[in-house]
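# Remarks on the overall topology
Okay, here's what each chain looks like letter by letter:
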Amino acid sequence: MPAFKDITGLRFGRLTALKVDDSLPHGRLVNKKIKWICECDCGNRKSVAASSLGRMTKSCGCYRSETSKLPRERICLGCGKKFKTRTTKIDYVVCSLSCRIKLGIKKKSQSECWPWVHLQDKDGYGEFWFSGKKYRAHRVAFAIEKGGIPHGKGVLHSCDNPPCCNPDHLYIGTVVENTADMDRRGRRVVLRGEDAGGSKLTESQVKIIKKSNLSARKLAARFGVKDQCIYKIRQGVNWTHVP
Ligand SMILES: [Zn+2]
Ligand SMILES: [Zn+2]
Ligand SMILES: [Zn+2]
């Protein structure tokens, strides 16, 4: 058991020990448990365990918050170059938007679809966060390769595959064109499926329902919908776009 050491007035980094923090139950009994009330150069007071003074704890916390705001040199996972960033909370350390999307796209041959392999939204479109903003992967893939997206226009898929980020499969269009496109391919959703307001089922649940041999009543209970809802799916009235 290490003996009690009086460190009154001693400095540890930015901290100066003032007195033992005797509000603690262990008081002075065991050195390791002793806490000292310290004053930081910034004026804050903090109770610090004697054993961590000068080792782990060198300030009231102000030092860490100052240094974490300084730009730090990191290596980009996309291009391998060094860059400086202030951000500490990033899922992927990347220098730019184009390096970020490189990490999520699984490139294949020029004619094939290049799926987004990271996070997808409920419709299957790739999405990711960069510098505190949320982006849609296929839009960024298009913009980087082919230039900006005119205001009010959307980036549409000629392959009809939402996660695809192959710029060759993407084109600029309006939402109306997109609807026409989907009509041609028979994938249009008119007040059906998850897009219909009030729909309680998801596409994956509907797939389960369509494959299941359970009674409509059991399925309805399982997914928390009315029996009618299951009948309509089975009779091909609703959710016809789901295989
Ligand atoms: Zn401080
Ligand atoms: Zn980079
Ligand atoms: Zn595609």
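Note: the structure precedes this text.
Here's a quick rundown of the structure. Remember, it's a predicted structure, so these values are computed and weren't measured experimentally. (Residues numbered from 1 in each chain as written. Chains lettered and ligands numbered in written order. Predicted model: local features only at pLDDT ≥ 70, side-chain atom pairs only at ≥ 80, totals over all residues.)

Bringing the overall build of the chain into the picture now. The helix and strand inventory of the chain stands at seven helices and 10 strands. Across the 243 residues of the chain, 18% fall into the buried class. Summarising the internal contacts of the chain: among those between residues at least 6 apart in sequence, 37% fall at separations of at least 24. (Helix = DSSP H or I, 4+ residues; strand = E, 2+ residues; numbered from the N terminus. Buried ≥ 20, exposed ≤ 12 C-beta atoms within 10 Å, placed from the backbone. Contact = placed C-beta atoms within 7 Å.)

Moving on, we get to the nonpolar core. Burial of nonpolar side chains together is a common tendency in soluble globular proteins. With 14 residues, the main nonpolar core has Ile-101, Ile-105, Ala-137, Ala-141, Cys-165 and Leu-170 as its most contacted residues. Listing elements by their share of this core, those giving two or more residues are helix 3 (137-146) and strand 9 (154-157). Among the elements that take part in this core, helix 3 stands out by supplying four residues, more than any other. (Core = buried A, V, L, I, M, F, W, Y, C linked by C-beta atoms within 7 Å.)

Attention now goes to the environment of Lys-218. Relative to the helices and strands, Lys-218 is located in helix 6 (residues 216-223). Overall, the presence of 13 C-beta atoms within 10 Å leaves Lys-218 in the partly exposed class.

Moving on, we come to the packing of helix 2 (residues 97-104) against helix 3. Orientation of helix 2 relative to helix 3, taken along the N-to-C sense of each, is 125 degrees, at an axis distance of 10 Å. As far as their axial angle goes, helix 3 and helix 2 are oblique. Where helix 2 crosses over helix 3, the handedness of that crossing is left-handed. Of the residues in helix 3, those touching helix 2 at Leu-97, Ser-98, Ile-101 and Gly-104 are Ala-137, Val-140, Ala-141 and Ile-144. Among the residues making up the contact of helix 2 with helix 3, the classes are represented as six nonpolar, two polar and no charged. (Axes fitted to C-alpha atoms, helices over the stretch in contact; angles between N-to-C directions. Parallel < 35°, antiparallel > 145°, perpendicular 65-115°, else oblique. Left-handed = near helix turned anticlockwise from the far one by under 90°. Nonpolar A, V, L, I, M, F, W, Y, C, P; charged D, E, K, R; others polar.)

Two pairing modes exist for strands in a sheet, parallel and antiparallel, and in both the strands are linked by backbone hydrogen bonds. Here four strands make up an open sheet; going across it, the order is 1-2-3-4 and the pairing antiparallel. Single-partner strands in this sheet number two, and they are strand 1 (11-12) and strand 4 (45-49). Across five bridges, strand 3 (residues 35-40) lies against strand 4 in antiparallel orientation. Counted as the bridge partner of Trp-36 is Val-48 from strand 4. (Pairing = 2+ DSSP bridges.)

Residues Cys-229, Ile-230 and Ile-233 constitute the buried set of helix 7 (residues 227-234). For helix 7, the buried positions fall inside an angular range of 100 degrees around the axis, keeping them on one side. Those residues of helix 7 that are buried are in contact with helix 5 (203-211) and helix 6. Note on helix 7: the residue one or two positions beyond its end, Gly-236, has a positive phi of about 80 degrees. (Arc of directions from axis to C-beta.)

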